[in-house]
Amino acid sequence: MSAGLPNRFRTDWAGDLRDGDAGREVRVAGWVHRRRDHGGLVFIDLRDRSGLVQLVFHPEDASEAHSTAHGLRSEDVITAIGQVVARDAGQVNPDLPTGAIELSVKGIQLLAGAETPPFPVDEDGPVDELVRLRNRAVDLRRESMSSALKLRHRVTRTIRNTLDELGFVDVETPVLTKSTPEGARDFLVPSRTSPGEFFALPQSPQLFKQLLMVGGIERYYQIARCFRDEDLRADRQPEFTQLDLEMSFVDEDDVIEVMEQVLTSVFEAAELKVPAAPWPRMTHAESISRFGNDRPDTRFGLELRDVGSALAGTEFKVFAGALANGGVIWGINAGSTEVPRSELDALTEIAKKHGAGGLVWAFVEEGSGWRSPVGKFLTDAERQGVIDSLEASTGDLMLIVADSRDVAAAALGAIRLDLGERRGLVAQGHHEALWITDFPMFERDSADGRWTALHHPFTAPSGDISDPGSLHSRAYDIVLDGVEIGGGSIRIHDQETQNAVFEAIGLAADEAEERFGFLLSALRQGAPPHGGIALGLDRLVAICAGRSSIRDVIAFPKSASSQDPLTGAPTAVDPAQLREVGLATLPKDGLGRPGNG
Ligand code: ASP
C-alpha cells in the first residue's frame, strides 16, 4: 500500500508501523482519532486509511509540538514527524496491530481543523441513519463504513479478474436511452434539443447486451448502474448496481457454470463460507410448494406440506370451501416448543397480512386429538390424516392455511421465515446457495388480469406458445440465504418467437415495432443463441459484509424514502431550465404531489 510514498505529508502509513520500525524517523498524516491529555504527556491516536498509531508528545523534548497537540480536537487533520519507539512491556496494546510501538513526535502541523463531529468516529455505536447520511463524509471515516467499501472493492475486483480470465469483455452501455421493461416505472430525462421528448434511464442494460451478442462480442459484462422508479420497498434503491453479463452460443448450464465460478471467487475473497459449487437446483414449483416462495431459505426445515388429501371429504366449511374453489390446504409442523397465545396471534396476523382469511393452529394430543379451536369440526380420521401428512407427534404445533395456492404459499412461507427468525434456527455463519429454474413464463397481472412476463419478455419460452398459461421459461435465479441475488435467462433469438411473446402480453405489432423495432431488426440480422444473467451487487456485498441494509455498502445511498439526505435531491429547478426542456410543473396538492390545477 506504499505506492507514491514517501511524499511531503507521510513516509509511512500509520497502521503499517511495527516493532521492526523502532528507531526509524517517520512522518505520518491523518485525523486525530482520540486524544488523551495526561497533564505532562499528551497521547494522540492518529488514524489514516490503514489504521491507527499512537503519537506521544513529551513537554520537555518537543515543547512546541506538545503545545500544538494540547490544543488539538477530534478529527483535526495533522501531519507529524518523529521517531518510532518500542513501548514499555506494560504499555503494549495487543488489540492494536501497531500496539507494540508509538511515535515520539518532534514536529507536528495542523493541516485543517474540524468542527465537533456530529457523532463519534472512534466508536461504532448506533447513530440515527439520517444523521449519518447527512454527514456521510464523517460517517465514511468510521471503521464499519470504510471496511464495507474496501470489501466492495475486493468483490468487484474479483469479479473483474475472474471474468477477464474467462474471456469476457467489459462494454459500457448508454444511460440516456429508451425504456427497458423490467417491471418498474422509468426515470425520465427531458430532452432540451427535442422539447417534449424524453430519454428513459435504463432499468437494466438488457437490450443493449443482446445487441452486443448480435454484434459478435460473444462474452460481455459490465458493472452497470440501473434505475427503477418504484415505491421503495424496504432496502431497495432507485439506482443500484448490477453485475450484468451475456454470452453467445450457450444454454442454461453454460451461464450457470460461469456464475458459479464468479461467485465462488467472490465468496473466497470475502471469506464467506458457502458450500462448494455446483449448487443444487430446484424448480420454481417445488420451491413454492416446499418453502412458499421462489427464494427459499434452505438453511432450516419447517417445510410446507399439502394436507388437502386428508381433508378431501371434510364437512368443515373453511376447509371444504377452499378445496371446492380449487384452492389448497397446506400446513407446517412447527414442532413441539411451548408457544404462547400471543405468538399464535402474531402468526395469525402474518397469515392475514398475506391475504389469508385466517390461520388454523392445532397442538397434537394423544389418540388423534387436536387441541385447537377447530378440532371438534373434524372426524378422527381427518385429524389423524393431517397429523400423518405433517409427520407430527404428540405436543407438536400444526399451522394450517386453507386458501388459493398463491395465498397459502405466501402466508405459510412468511410464517415459516418468522418462526425461523424467532427461534434462531439459522446458525451464525451458515450460508446456502441454490438455483431456481423452470419458472412459469407468464403471470396474470393482479390489476387487469393480462399476462405479463415473469422474468422479462425477452426470455425464451419452452412449451406451446399458443397456450401462454402453460408455458415455462428458460430463466434461472440464484438464491443465497433466502435472498434472490441474481437472475437471468436464455433469450429469444428469432423474431417470430419474440413477436409471439409480445402478442401474448398484449403488445400490438405496431406498438412492438415502435418500442422495440431496433431489437426486432437485430433479430433479423443473424442473432446467435444467447443468454445471460445479472447479479445485484449491493445485496451481494451486504451479505458478504454481514450487513442487513444495502445502504451500509453504498457510499452515497438514497434514504428509504428515495431522497438523498446529503445533497437534498430531488429539488425544484429554475423555471428557465424547465422552459428550455419544454416543461411546466403543476401546483402541488396538499400531499406534496402535483395536483390537477
Ligand atoms: N436484465 C435482467 C434483470 O435486470 C437480468 C437478465 O436477464 O440478465 O433482472
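Everything here concerns the structure above.
Structural notes, computed from the coordinates. In this text, all values refer to a predicted model and were calculated from it rather than measured experimentally.

**A closer look at the state of the cysteines**
Turning to step 1, where the next piece is worked out: Tallied over the entire structure, the rule returns zero disulfides.
Turning to step 2, where the next piece is worked out: This cysteine, Cys226, is not joined by any disulfide, and Cys544 carries the nearest cysteine sulfur, 19 Å off.
Turning to step 3, where the next piece is worked out: When its relative accessible area of 0% is taken as the criterion, Cys226 is described as buried.

**Things to note about the site of the ligand**
Turning to step 1, where the next piece is worked out: Around the ligand sit 14 residues in total, of which Glu182, Gln206, Lys209, Gln242 and Arg491 are the nearest.
Turning to step 2, where the next piece is worked out: In this structure, Ser204 approaches the ligand through a side-chain N or O atom, which is 3.2 Å from a nitrogen atom.
Turning to step 3, where the next piece is worked out: Contact distances for the ligand include 3.0 Å between an oxygen atom and a side-chain N or O atom of Arg228.
Turning to step 4, where the next piece is worked out: Contributions of two or more residues to the shell around the ligand are made by helix H5 (206-214), strand E23 (483-490) and strand E24 (530-536).
Turning to step 5, where the next piece is worked out: Ranked by residues supplied to the shell around the ligand, first place goes to E24 with three residues.

**Looking at the sheet that holds strand E13 (residues 328-333)**
Turning to step 1, where the next piece is worked out: In spatial order, the strands read E12-E13-E16-E14-E15; together these five strands make up an open sheet with antiparallel pairing. Both outer strands of the open sheet, strand E12 (304-306) and strand E15 (369-371), are each paired with one neighbouring strand and no more. Between one strand axis and the next, the sheet turns through 35 degrees on average, direction left out of account.
Turning to step 2, where the next piece is worked out: Taken together, the three bridges between strand E14 (residues 360-365) and E15 define a ladder with antiparallel strand orientation. Each bridged residue has a counterpart across the sheet, and for Val364 the counterpart in E15 is Trp370.

**Brief notes about the environment of Leu347**
Turning to step 1, where the next piece is worked out: Secondary-structure assignment places Leu347 in helix H9 (residues 341-353).
Turning to step 2, where the next piece is worked out: Between the alpha carbons of Leu347 and Ala310 there is a distance of 24 Å; along the sequence they are 37 residues apart.
Turning to step 3, where the next piece is worked out: Contact partners of Leu347, with chain neighbours within four places excluded, come to Leu359, Leu399, Ile415, Asp418 and Leu419.

**Notes on the nonpolar core**
One broad rule of soluble globular proteins: the nonpolar side chains tend to lie buried together.
Turning to step 1, where the next piece is worked out: Core analysis: the largest hydrophobic core is formed by 59 residues, its most contacted members being Leu163, Leu245, Met259, Leu263, Phe267, Leu480 and Leu540.
Turning to step 2, where the next piece is worked out: Ranked by the residues each element gives to this core, the list is headed by helix H6 (residues 252-270), at nine residues.
Turning to step 3, where the next piece is worked out: Excluding residues that lie within four positions of it along the chain, Met259 makes contacts with Leu243, Leu245, Trp435, Ile533 and Leu535.
Turning to step 4, where the next piece is worked out: Counting residues in hydrophobic clusters, the runner-up holds 28 residues, among them Trp361, Phe363, Leu412 and Leu419.

**So, helix H7 (residues 284-291)**
Turning to step 1, where the next piece is worked out: Among the residues of H7, those classed as buried are His284, Ser287, Ile288 and Phe291. Projected onto a plane normal to the axis of H7, the buried residues spread over an arc of 105 degrees and lie on a single side.
Turning to step 2, where the next piece is worked out: Directly after H7, the chain includes Gly292, whose backbone phi takes a positive value near 85 degrees.

**A word on the packing of aromatic side chains**
Turning to step 1, where the next piece is worked out: Per the counting criterion, the structure on display carries nine aromatic pairs.
Turning to step 2, where the next piece is worked out: When the centroid spacing of 5.0 Å and the interplanar angle of 85 degrees are considered together, the rings of Phe316 and Phe319 count as edge-to-face. Exposure class is identical for Phe316 and Phe319. Each is buried.
Turning to step 3, where the next piece is worked out: With 5.9 Å between their ring centres and 65 degrees between their planes, Trp361 and Phe363 make a pair best called edge-to-face. Side by side, Trp361 and Phe363 carry an identical accessibility label, which is buried.
Turning to step 4, where the next piece is worked out: One aromatic cluster is present, formed by Phe316, Phe319 and Phe377 through successive ring pairs.
Turning to step 5, where the next piece is worked out: Geometry around Trp13 places Arg49 over its ring, the cationic atom sitting 5.7 Å from the centre.
Turning to step 6, where the next piece is worked out: Across the ring face of Trp451, the terminal group of Arg444 is positioned such that the distance to the ring centre comes to 3.9 Å.

**As for the pairing of strand E17 (residues 433-437)**
Turning to step 1, where the next piece is worked out: Most of E17 sits out of view: five of its five residues are buried.
Turning to step 2, where the next piece is worked out: Of the two faces of E17, both are covered, the one formed by Ala433, Trp435 and Thr437 as well as the one formed by Leu434 and Ile436.
Turning to step 3, where the next piece is worked out: Two strands pair when backbone bridges link them, and strand E11 (residues 281-283) and E17 are joined in this way by three bridges, in the parallel orientation. Bridging across to E17, Arg281 finds its partner in Trp435.
Turning to step 4, where the next piece is worked out: Note: E17 against strand E22 (residues 475-480), five bridges, orientation antiparallel.

**Focus: the packing of helix H4 (residues 143-165) against helix H14 (residues 537-545)**
Turning to step 1, where the next piece is worked out: Following both chains from N to C, one finds H4 and H14 inclined at 120 degrees, their axes separated by 10 Å at the closest point. The orientation of H4 relative to H14 falls into the category oblique. The handedness of the crossing between H4 and H14 comes out as right-handed. Residues Ala148, Leu151, Arg152, Val155, Thr156 and Ile159 of H4 form the contact with H14, whose participating residues are Leu537, Asp538, Leu540, Val541, Cys544 and Ala545.
Turning to step 2, where the next piece is worked out: When the residues that make up the contact of H4 with H14 are grouped by side-chain class, the tally is nine nonpolar, one polar and two charged.

**Remarks on a nonpolar patch on the surface**
Turning to step 1, where the next piece is worked out: Taken together, the side chains of Leu188, Phe198 and Leu583 present a nonpolar region at the surface, about 270 Å² in accessible area.
Turning to step 2, where the next piece is worked out: When you line up the elements, Leu583 lands in the segment after helix H15 (575-580).

Definitions and cut-offs
Residues numbered from 1 in each chain as written. Predicted model: local features only at pLDDT ≥ 70, side-chain atom pairs only at ≥ 80, totals over all residues. Heavy atoms only, no water. Disulfide = S-S within 2.5 Å. Buried < 20%, exposed > 50% of the residue type's maximum accessible area, 1.4 Å probe, protein only. Near = heavy atom within 4 Å. Polar contact = N/O pair within 3.5 Å; in protein donor to acceptor, adjacent residues only side chain to side chain. Helix = DSSP H or I, 4+ residues; strand = E, 2+ residues; numbered from the N terminus. Pairing = 2+ DSSP bridges. Axes fitted to C-alpha atoms, helices over the stretch in contact; angles between N-to-C directions. Contact = heavy atoms within 4.5 Å. Core = buried A, V, L, I, M, F, W, Y, C linked by side-chain atoms within 4.5 Å. Arc of directions from axis to C-beta. Phe/Tyr/Trp six-rings, centres within 6.5 Å; stacked < 30°, edge-to-face > 60°. Lys NZ or Arg CZ within 6 Å of the ring centre and 35° of its normal. Parallel < 35°, antiparallel > 145°, perpendicular 65-115°, else oblique. Left-handed = near helix turned anticlockwise from the far one by under 90°. Nonpolar A, V, L, I, M, F, W, Y, C, P; charged D, E, K, R; others polar. Patch = residues over 30% accessible without salt bridge, like charges linked within 9 Å, V, L, I, M, F, W, Y side chains within 5 Å. Areas by Shrake-Rupley, 256 points an atom, 1.4 Å probe, with all protein chains shown as cover. Salt bridge = Lys/Arg side-chain N within 4 Å of Asp/Glu carboxyl O.

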